[in-house]
Amino acid sequence: MQPADSSARASSVLDWLLARLPPRYREKTRDYLVLTRMDRPIGALLLLWPTWWALWLAAGDWPPLKPLAIFTLGVFAMRAAGCAINDYADRKLDPQVARTAGRPIASGRVTPREALVVFGVLLAFAFVLVLFTNRLTIELSFAGAALAAIYPFTKRWTYLPQVVLGAAFGWSIPMAFAAVAGTVPPLGWLLFIANILWSLVYDTEYAMVDRDDDLKVGAKSTAILFGDADLPIIGILMATLLLAMVFVGQRAHLGWPYWLALLACAGLFAYQLWMIRTRERGPCLAAFRHNNWWGLVLWMGIALALAVK
């Protein structure tokens, strides 16, 4: 059974790669890959772009190859670990939600214990990567691991799990500054706050897909908290995020490519609001995925602005 939100293209790539494995390993390997969302890479990209924003801003141009490699690999490892612990936490909720009923734990293809082992292995791998940085980055990594571990459980006691997700996804920002610059300046924390705002935008769009099912099973989200005011609140969050990125550009003394990219980002947000205007599941999911382009365009603006300085 395939999860309803899998990417057809990514699933095809997985099938092509798995065809090279011996048949007896193929099915279980695929279950582990789906558990860690390798069939849906959008989440890793939403974590990658803020990390690259931070690496480029911390370095003032193209970052050194070592931290670039460490943090890029770490993004995929931590996102995969987060997905494993998320499905463990939601093992009783996922079977009751149409979009998630086909996930490996929910459908019985992976046991909760196996998911914990996968989480532990990926977390250990990410920590080994961090050991090749400096002391401050290593110290910050413990807070990042804690955020990744507690996020999946927050939807049971707060309507703002998206804030915790933003902090977990964005913790790579202060870590990147620490690894490259040896400190976390105000610019790093400003970018961290901006990423929390971005997470509130795209994960509320995502939560709108499951709002009806979440209400039935008792899960909490910003989509439920905002209710009928969801569209204007998302619009306000988008405007606040754009303002925060204006401050980032000013503090980093970025040139015209950044401002052109930020103008394009404003247009992309306007398009997302138009997409979700009917609050239908399909368009809301499409708007969530559309944020990949938002993060990419902003990174291109930062990289080009620093290159022409």
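All values reported here derive from a predicted model rather than from experimental measurement.

Q: Looking at this model, I keep getting lost on the overall build of the chain. Mind explaining?
A: Looking only at helices and strands, the chain features 14 helices and 0 strands. N-terminal to C-terminal, the α/β element order of the chain is α-α-α-α-α-α-α-α-α-α-α-α-α-α. At 19 Å, the chain has a C-alpha radius of gyration in line with the 19 Å of a compact globule built from 309 residues. Principal axes of the C-alpha set define a box for the chain whose edges measure 55 × 45 × 35 Å. Accessible area of the chain: about 13,600 Å², with a carbon and sulfur share of 69%. Across the chain, the centroid of the 28 positively charged side chains sits 4 Å from that of the 20 negatively charged ones.

Q: Honestly, the pattern of salt bridges in this entry has me stumped. Any pointers?
A: For the coordinates displayed, the defined rule picks out 7 salt bridges. Residues Lys-28 and Glu-114 are paired through a salt bridge, measuring 3.3 Å at the closest nitrogen-oxygen approach. Pair noted here: Lys-28 is in helix 2 (residues 23-35) and Glu-114 is in helix 5 (residues 112-130), with a separation of 86 residues, a long-range link. The exposure class of Glu-114 is partly exposed, given its relative accessible area of 22%.

Q: Explain a nonpolar patch on the surface here, please?
A: Together, Phe-127, Val-128, Leu-131, Phe-132 and Phe-142 line one region of the surface with nonpolar side chains, adding up to about 490 Å² of accessible area. For Phe-142, the position within the fold is in helix 6 (residues 135-154).

Q: Would you explain unusual backbone geometry in this entry?
A: One can expect most non-glycine residues to show negative phi and most peptide bonds to be in trans. Although it is not a glycine, Arg-37 sits at a positive phi angle of roughly 65°. Within the fold, Arg-37 resides in the loop between helix 2 and helix 3 (42-59). Positive phi, close to 55°, is recorded for His-253, a residue that is not glycine. Looking at the element boundaries, His-253 is found in the loop between helix 12 (230-251) and helix 13 (256-275). Here His-253 falls in the exposed class, since its relative accessible area comes to 61%.

Q: Looking at this structure, how should I read helix 2?
A: Two residues of an α-helix separated by three or four positions point the same way, owing to the 3.6 residues in each turn. The first and last C-alpha atoms of helix 2 sit 19 Å apart over 13 residues, in line with the 18 Å expected at 1.5 Å per residue. Along helix 2, the residues that are buried comprise Arg-30, Asp-31, Val-34 and Leu-35. Buried residues of helix 2, viewed axially, fall in a sector of 140°; they line one side. Looking one or two residues beyond helix 2, the residue adopting positive phi is Arg-37, at roughly 65°.

Q: What exactly am I supposed to notice about the packing of helix 6 against helix 7 (residues 161-170) here?
A: Two numbers describe a pair of packed helices, the interaxial angle and the distance between the axes. Where helix 6 contacts helix 7, the two axes come as close as 9 Å, and the packing angle between them is 165°. Between helix 6 and helix 7, the interaxial angle falls into the category roughly antiparallel. In terms of crossing hand, the pair formed by helix 6 and helix 7 is left-handed. Side by side, helix 6 and helix 7 meet where Leu-147, Ala-148, Ile-150, Tyr-151 and Thr-154 of the first sit next to Pro-161, Val-164, Leu-165, Ala-167 and Ala-168 of the second. Tallied by class, residues from the contact of helix 6 with helix 7 come to 9 nonpolar, 1 polar and no charged.

Q: Explain the side chain of Asn-291 here, please?
A: Looking at the element boundaries, Asn-291 is found in helix 14 (residues 281-307). A polar contact is formed between the side chain of Asn-291 and the side chain of Trp-198, at a distance of 3.0 Å. A distance of 3.0 Å separates polar atoms of two side chains, one belonging to Asn-291 and the other to Glu-205. Non-local contacts of Asn-291, meaning those with residues more than four positions away in its chain, are made with Leu-46, Trp-198, Tyr-202, Glu-205, Phe-269 and Gln-272.

Thresholds applied
- Residues numbered from 1 in each chain as written.
- Predicted model: local features only at pLDDT ≥ 70, side-chain atom pairs only at ≥ 80, totals over all residues.
- Heavy atoms only, no water.
- Helix = DSSP H or I, 4+ residues; strand = E, 2+ residues; numbered from the N terminus.
- Rg over C-alpha atoms; globule rule 2.2 N^0.38 Å.
- Areas by Shrake-Rupley, 256 points an atom, 1.4 Å probe, with all protein chains shown as cover.
- Lys, Arg positive; Asp, Glu negative; His and termini not counted.
- Charge placed at Lys NZ, Arg CZ, Asp CG, Glu CD.
- Salt bridge = Lys/Arg side-chain N within 4 Å of Asp/Glu carboxyl O.
- Buried < 20%, exposed > 50% of the residue type's maximum accessible area, 1.4 Å probe, protein only.
- Patch = residues over 30% accessible without salt bridge, like charges linked within 9 Å, V, L, I, M, F, W, Y side chains within 5 Å.
- Expected span 1.5 Å × (residues − 1).
- Arc of directions from axis to C-beta.
- Axes fitted to C-alpha atoms, helices over the stretch in contact; angles between N-to-C directions.
- Parallel < 35°, antiparallel > 145°, perpendicular 65-115°, else oblique.
- Left-handed = near helix turned anticlockwise from the far one by under 90°.
- Contact = heavy atoms within 4.5 Å.
- Nonpolar A, V, L, I, M, F, W, Y, C, P; charged D, E, K, R; others polar.
- Polar contact = N/O pair within 3.5 Å; in protein donor to acceptor, adjacent residues only side chain to side chain.

Scope: geometric values only; no functional claims are made or implied.
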